[in-house]
Amino acid sequence: AQSVAQPEDQVNVAEGNPLTVKCTYSVSGNPYLFWYVQYPNRGLQFLLKYITGDNLVKGSYGFEAEFNKSQTSFHLKKPSALVSDSALYFCAVPPTGGGNKLTFGTGTQLKVEL
Amino acid sequence: DVKVTQSSRYLVKRTGEKVFLECVQDMDHENMFWYRQDPGLGLRLIYFSYDVKMKEKGDIPEGYSVSREKKERFSLILESASTNQTSMYLCASGAREHYSNQPQHFGDGTRLSIL
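Residues numbered from 1 in each chain as written. Chains lettered and ligands numbered in written order. Predicted model: local features only at pLDDT ≥ 70, side-chain atom pairs only at ≥ 80, totals over all residues. Heavy atoms only, no water.

Peer 1: Could you give me a rundown of the overall build of chain A, with the residues and numbers involved?
Peer 2: In terms of helices and strands, chain A carries 0 helices and 12 strands. Reading chain A from its N terminus to its C terminus gives the helix and strand order β-β-β-β-β-β-β-β-β-β-β-β. Taken over C-alpha atoms, the radius of gyration comes to 13 Å for chain A, in line with the 13 Å a tight globule of 114 residues would show. Burial analysis of chain A (114 residues in total) assigns 46% to the buried set. As presented, chain A carries roughly 5,300 Å² of accessible surface, and 48% of it is formed by carbon and sulfur atoms. (Helix = DSSP H or I, 4+ residues; strand = E, 2+ residues; numbered from the N terminus. Rg over C-alpha atoms; globule rule 2.2 N^0.38 Å. Buried < 20%, exposed > 50% of the residue type's maximum accessible area, 1.4 Å probe, protein only. Areas by Shrake-Rupley, 256 points an atom, 1.4 Å probe, with all protein chains shown as cover.)

Here's what the structure looks like:
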């Protein structure tokens, strides 16, 4: 079965510094991978997805993610963090063979401080 | 702009009550989902539906049922609410099943408290 893991429950970053939120995956075949963000008291919002092609995927709000097949990782990155980036971040993967029933990671709380 | 609307943001009910959570999407999506979100556990799928009147159990269906009489509306039912069903409930919709590279779209959630 497809799965993703987010090894960090919380990440703290100073505003202006680069941020990384980690995700590793376990899938058979070529993976589709997603990142979502959840701001307080809101639902999840789609940030970006990897399907195929370039290993660096650009998404909303200045975020990007790097797909690394040898390390089975899909880490979310931003060159310069903002306080407003503080939120809960989820990576997700769809099932083998198609369908958009996603399996989500447990989430990483990002806190950006002044 | 796409929209998934959940009928209540906050809901307080009593143990044993039958509880209905409603979700409507305006994107003509075939798939709709109900998740439960608890701290440290991420999102867990309760039920999903891939067409009108069609449903499949997710990972944690016990104590819940669903109804999809119209394409745009997907209801989650707690048959007899219990305190361990206190949680945040999220509804989502998505394009036809084989379009697995399409994202799901989420409502803002219903925070349900069972007293």
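Peer 1: I'd like to hear about the state of the cysteines, residue by residue, with values.
Peer 2: The term disulfide refers to a covalent linkage connecting the sulfur atoms of a pair of cysteines. One pass over the full model with this rule turns up 2 disulfides over all chains. Note that Cys23 of chain A is cross-linked by a disulfide to Cys91 of chain A, the S-S spacing being 2.2 Å. The S-S bond linking Cys23 of chain A to Cys91 of chain A shows a torsion near 85 degrees; that makes this disulfide right-handed. Pair noted here: Cys23 of chain A is in the loop between β3 (19-21) and β4 (24-26) and Cys91 of chain A is in strand β10 (residues 87-93), with a separation of 68 residues, a long-range link. The exposure class of Cys23 of chain A is buried, given its relative accessible area of 0%. Here Cys23 of chain B engages in a disulfide with Cys91 of chain B; their sulfurs sit 1.9 Å apart. Looking down the S-S bond of the Cys23 of chain B and Cys91 of chain B bridge, the torsion is -80 degrees, so its handedness is left-handed. Placement of Cys23 of chain B in strand β3 (residues 19-25) and of Cys91 of chain B in strand β9 (residues 87-94) is noted, with a sequence separation of 68 residues between them. Residue Cys23 of chain B shares its accessibility class with Cys91 of chain B, and that shared class is buried. (Disulfide = S-S within 2.5 Å.)

Peer 1: How would you sum up the environment of Thr72 of chain A? Please name residues and give values.
Peer 2: All names here are of chain A. Its place among the elements puts Thr72 in the loop between β8 (64-68) and β9 (73-78). Exposure remark for Thr72: the relative accessible area of 32% places this residue in the partly exposed category. Not counting chain neighbours up to four residues away, the residues in contact with Thr72 comprise Cys23, Thr24 and Tyr25. (Contact = heavy atoms within 4.5 Å.)

Peer 1: Describe the interface of chain B and chain A, and please don't skip the residues or the numbers.
Peer 2: Facing 27 residues of chain B, the contacting portion of chain A comprises 22 residues. Between chain B and chain A the total buried area reaches about 1,900 Å² when both faces are included, carbon and sulfur atoms providing 54% of it. Applying the counting criterion to the chain B and chain A interface returns 1 salt bridge. Put simply, Asp108 of chain B and Arg42 of chain A hold a salt bridge, and the shortest N to O gap is 3.0 Å. Joining chain B to chain A, the criterion identifies 5 residue pairs in polar contact (both at pLDDT 80 or more). At the level of secondary structure, the elements contributing two or more residues to the side of chain B that touches chain A comprise β4 (31-38), β5 (42-51) and β9 of chain B. Taken together, the residues of the side of chain B that touches chain A break down into 12 nonpolar, 11 polar and 4 charged. (Buried area = accessible area lost by both parts, 1.4 Å probe. Salt bridge = Lys/Arg side-chain N within 4 Å of Asp/Glu carboxyl O. Polar contact = N/O pair within 3.5 Å; in protein donor to acceptor, adjacent residues only side chain to side chain. Nonpolar A, V, L, I, M, F, W, Y, C, P; charged D, E, K, R; others polar.)

Peer 1: So what's going on with the sheet that holds strand β7 (residues 64-70) of chain B? Residues and values would help.
Peer 2: Residues and elements named next belong to chain B. With antiparallel pairing, 4 strands are arranged side by side in an open sheet as β1-β3-β8-β7. The open sheet has two edge strands with one neighbour each: β1 (4-6) and β7. Going across the sheet, the axis of each strand differs from the next one's by a mean of 20 degrees, ignoring polarity. Taken together, the 3 bridges between β1 and β3 define a ladder with antiparallel strand orientation. Across the sheet, residue Gln6 finds its bridge partner in β3, namely Cys23. (Pairing = 2+ DSSP bridges. Axes fitted to C-alpha atoms, helices over the stretch in contact; angles between N-to-C directions.)

Peer 1: How would you explain unusual backbone geometry if you had to name every residue and give the values?
Peer 2: Apart from glycine, the bulk of residues carry a negative phi angle, and the bulk of peptide bonds sit in the trans form. For Thr72 of chain A, which is not glycine, the phi dihedral falls at a positive 45 degrees. Look at Lys53 of chain B: it is not a glycine, yet its phi comes out positive at around 65 degrees. With respect to the helices and strands, the residue Lys53 of chain B is situated in the loop between β5 and β6 (54-57).

Peer 1: So, the pattern of salt bridges: which residues are in play, and what are the values?
Peer 2: Here the structure, examined in full by the defined rule, presents 11 salt bridges over all chains. Its salt-bridge partner being Asp85 of chain A, residue Lys78 of chain A comes within 2.9 Å of it at the nearest N-O pair. The pair formed by Lys78 of chain A and Asp85 of chain A is uniform in burial state, with each residue classed as buried. Through salt bridges that share partners, Asp28, Glu30 and Lys71 of chain B make up one connected network.

Read these as layout, nothing more, since geometry by itself doesn't imply function.
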